[in-house]
Amino acid sequence: YQKGREVRKLKIGIKQQSSSSAADMDGDIELPAVPSMQPSGGGGPGLAEVASHLKELKLQKYLAEFERHGYDDWNEILQMGEAKLEQLVTRTRMPANHADRFKDYIFQSLAEN
């Protein structure tokens, strides 16, 4: 991967069945980099917002699990339904009391907006 405009080139052997120019048959294919596959490097701005809310709830010890499972966008978390929130608290290994505190905070945040 290259930083900035991330494009990865793969060299693959492709048998062309149609008549193409020699330039088309060289096997170079450009694929855009997949953002979810980028090294986290400590997380991005979305994770910082998640960390801030977890700290406010005294649940910051779960931040690594949030990042590990891709829960790094607070707005996405706010838009989760009850079933998805239940998956989140299960995957991040929150005990019942912490899970209740977290879900209550989400529902309260939604009610205020």
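Sequence positions are assigned chain by chain, starting from 1 and proceeding in written order. Totals for whole chains, interfaces and linings use all residues, but because this is a predicted model, local features are given only for residues with pLDDT of at least 70 and pairs of side-chain atoms are given and counted only at 80 or more. In computing side-chain properties, one takes all heavy atoms of the structure into account and sets aside hydrogens as well as water.

Asks: I'm lost on the packing of helix 4 (residues 82-91) against helix 5 (residues 96-112) in this one. Help?
Replies: Packed helix pairs are specified by the crossing angle of their axes together with the interaxial distance, meaning the distance between the axes. Angles run from 0 to 180 degrees between N-to-C directions of axes, and those axes are lines fitted to C-alpha atoms, restricted for helices to the stretch in contact. Helix and strand assignments come from DSSP, with helices taken as H or I runs of at least 4 residues and strands as E runs of at least 2, each series counted from the N terminus. Packing of helix 4 against helix 5 brings their axes to within 10 Å, and their N-to-C directions diverge by 145 degrees. At the point where helix 4 passes helix 5, the crossing takes the right-handed sense. When helix 4 is examined against helix 5, the residues Glu82, Leu85, Glu86, Leu88 and Val89 are found in contact with a partner set consisting of Ala99, Phe102, Lys103, Ile106 and Phe107. Throughout, a crossing is termed right-handed when the near helix is turned clockwise from the far one, and left-handed when it is turned anticlockwise from it by less than a right angle. Contact definition: two residues touch when any of their heavy atoms are within 4.5 Å.

Asks: I would appreciate a short explanation of the side chain of Lys103 in the present structure.
Replies: Along the chain, the position of Lys103 falls in helix 5. Classification of Lys103 by relative accessible area gives buried; the value is 15%. Excluding its chain neighbours within four sequence positions, the residues that come into contact with Lys103 are Leu85, Glu86 and Val89. The cut-offs for exposure are 20% and 50% of the maximum accessible area for each residue type, with area from a 1.4 Å probe on protein chains only; residues under the lower value are buried, those over the upper are exposed, and the others partly exposed.

Asks: How do you make sense of the pattern of salt bridges when you look at a structure like this?
Replies: Side chains bearing opposite charge may pair, as long as their charged atoms lie close to each other. The rule for a salt bridge is simple: a side-chain nitrogen of Lys or Arg has to be within 4 Å of a carboxyl oxygen of Asp or Glu. Under the counting rule described, the total for this entry stands at three salt bridges. With its nearest N and O atoms 3.8 Å apart, the salt bridge here joins Arg93 to Glu65. Linking Arg93 in the loop between helix 4 and helix 5 with Glu65 in helix 2 (residues 63-68), this pair joins segments that are 28 residues apart in sequence. Under the relative-accessibility criterion, Arg93 is labelled exposed at 58%. Relative accessible area serves as the criterion here: at 17%, Glu65 is assigned to the buried category. Between Glu86 and Lys103 there is a salt bridge, with its nearest N and O atoms 2.6 Å apart. Taken together, the positions of Glu86 in helix 4 and Lys103 in helix 5 put the pair 17 residues apart, joining distant regions of the chain. Taken together, the shared-partner salt bridges connect Glu65, Arg68 and Arg93 into one network.

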